[in-house]
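Here is how the chains run, residue by residue.
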Amino acid sequence: MWFGLGRLIPAIVLLAACTSWQPVTQPERLVAAEEPVRVRVVRLDATRHTLYSARVTADSVVGFLNIGHGVIASFSRDSVARLEQRRFSATRTVALVAMIPVAALLGLALMWPAS
């Protein structure tokens, strides 16, 4: 049991680091075609809201604020600076993979008895 858990935890960490919020270039096509689980709305006043099951209409962006809670939010497209979606991030993945051996070496150095 422990052996499997030891491999699962690093995999979860790697998956979390492999994504980042990235701007959506064509919101109408994205929401209709890909059915994203969540979309982040960045408004002109810099506030951010995550919408689930989001839809882009001619004049607004509509979706659920909380997954499973049924609270519907609608934002005028005139008040939205951009939409973002979680996507694979090569930069974050490379940085994390590069840090794993560094952290392991640092851990060994800290555990090594001083002479």
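To be clear, the structure that these remarks concern was listed above.
For every chain, the first residue of the written sequence is number 1, and numbering continues from 1 onward in sequence order. Reporting in this predicted model follows two pLDDT cut-offs: at least 70 for local features of residues, and 80 or more for side-chain atom pairs to be given and counted; totals over whole chains, interfaces and linings ignore these cut-offs and use all residues. Only hydrogens and water are set aside when side-chain values are computed; all heavy atoms of the structure are taken into account.

## Quick word on the overall build of the protein
Then, number 1: Comment: elements are numbered from the N terminus, with helices defined as DSSP H or I runs of at least four residues and strands as E runs of at least two. Scanning the protein from N- to C-terminus turns up three helices and six strands.
Then, number 2: Each residue's exposure class comes from its accessible area (1.4 Å probe, protein chains only) as a fraction of the maximum for that residue type: buried when under 20%, exposed when over 50%, partly exposed otherwise. Residues classed as buried in the protein amount to 25% of the 115 residues present.
Then, number 3: Note on contacts: a residue pair is in contact if any heavy atoms of the two residues lie within 4.5 Å. Considering only contacts in the protein between residues 6 or more positions apart, those separated by 24 or more positions represent 50%.
Then, number 4: Carbon and sulfur atoms make up 66% of the accessible area of the protein, which totals about 8,300 Å². For the accessible areas, the method is Shrake-Rupley and the probe is 1.4 Å, while residue cover comes only from the protein chains on display.

## A short note on the environment of Asp-59
Then, number 1: With respect to the helices and strands, Asp-59 occurs in the loop between β3 (48–56) and β4 (60–64).
Then, number 2: The exposure class assigned to Asp-59 is exposed, which follows from its relative accessible area of 54%.
Then, number 3: In this structure, the C-alpha to C-alpha distance between Asp-59 and Arg-77, residues 18 residues apart in sequence, is 5.4 Å.
Then, number 4: Among residues more than four places away in sequence, those in contact with Asp-59 are Phe-75, Ser-76 and Arg-77.

## Quick word on the pairing of strand β2 (residues 38–43)
Then, number 1: Two strands make a pair as long as DSSP finds a minimum of two bridges between them. Pairing of β2 with β3, which is carried by five bridges, proceeds in the antiparallel orientation. Across the sheet, Arg-38 pairs through a bridge with Tyr-52, a residue of β3.
Then, number 2: Between β2 and β3, which follow one another and run antiparallel, lie four residues, and Ala-46 among them has a positive phi close to 75°.
Then, number 3: Note: β2 against strand β6 (residues 80–88), four bridges, orientation antiparallel. Its bridge partner being in β6, Val-42 is matched across the sheet by Arg-82.

## Comments concerning the sheet that holds strand β5 (residues 72–76)
Then, number 1: Ordered by their spatial adjacency, six strands build an open sheet running β1-β6-β2-β3-β4-β5, and the pairing between neighbours is antiparallel. In this open sheet, the two edge strands, each paired with only one partner strand, are β1 (19–23) and β5. Strand after strand, the sheet turns through a mean of 45° between neighbouring axes, direction not considered. For helices, the fitted axis covers only the stretch in contact; all axes are lines through C-alpha atoms, and the angles between them, taken along N-to-C directions, range from 0 to 180 degrees.

## Section: the environment of Val-41
Then, number 1: Among the structural elements, Val-41 can be located in strand β2.
Then, number 2: Residues Val-41 and Arg-77, 36 residues apart in the sequence, show an inter-C-alpha distance of 10.0 Å.
Then, number 3: The residues touching Val-41, leaving out its near neighbours within four places in the chain, are Thr-47, Arg-48, His-49, Leu-51, Val-61, Phe-75, Val-80, Arg-82 and Leu-83.

## So, the environment of Arg-38
Then, number 1: Tracing the backbone through its elements, the reader meets Arg-38 in strand β2.
Then, number 2: With 15 residues separating them along the chain, Arg-38 and Ser-53 place their C-alpha atoms 6.3 Å apart.
Then, number 3: The residues contacting Arg-38, other than those within four sequence positions of it, are Trp-21, Thr-50, Leu-51, Tyr-52, Gln-85 and Arg-86.

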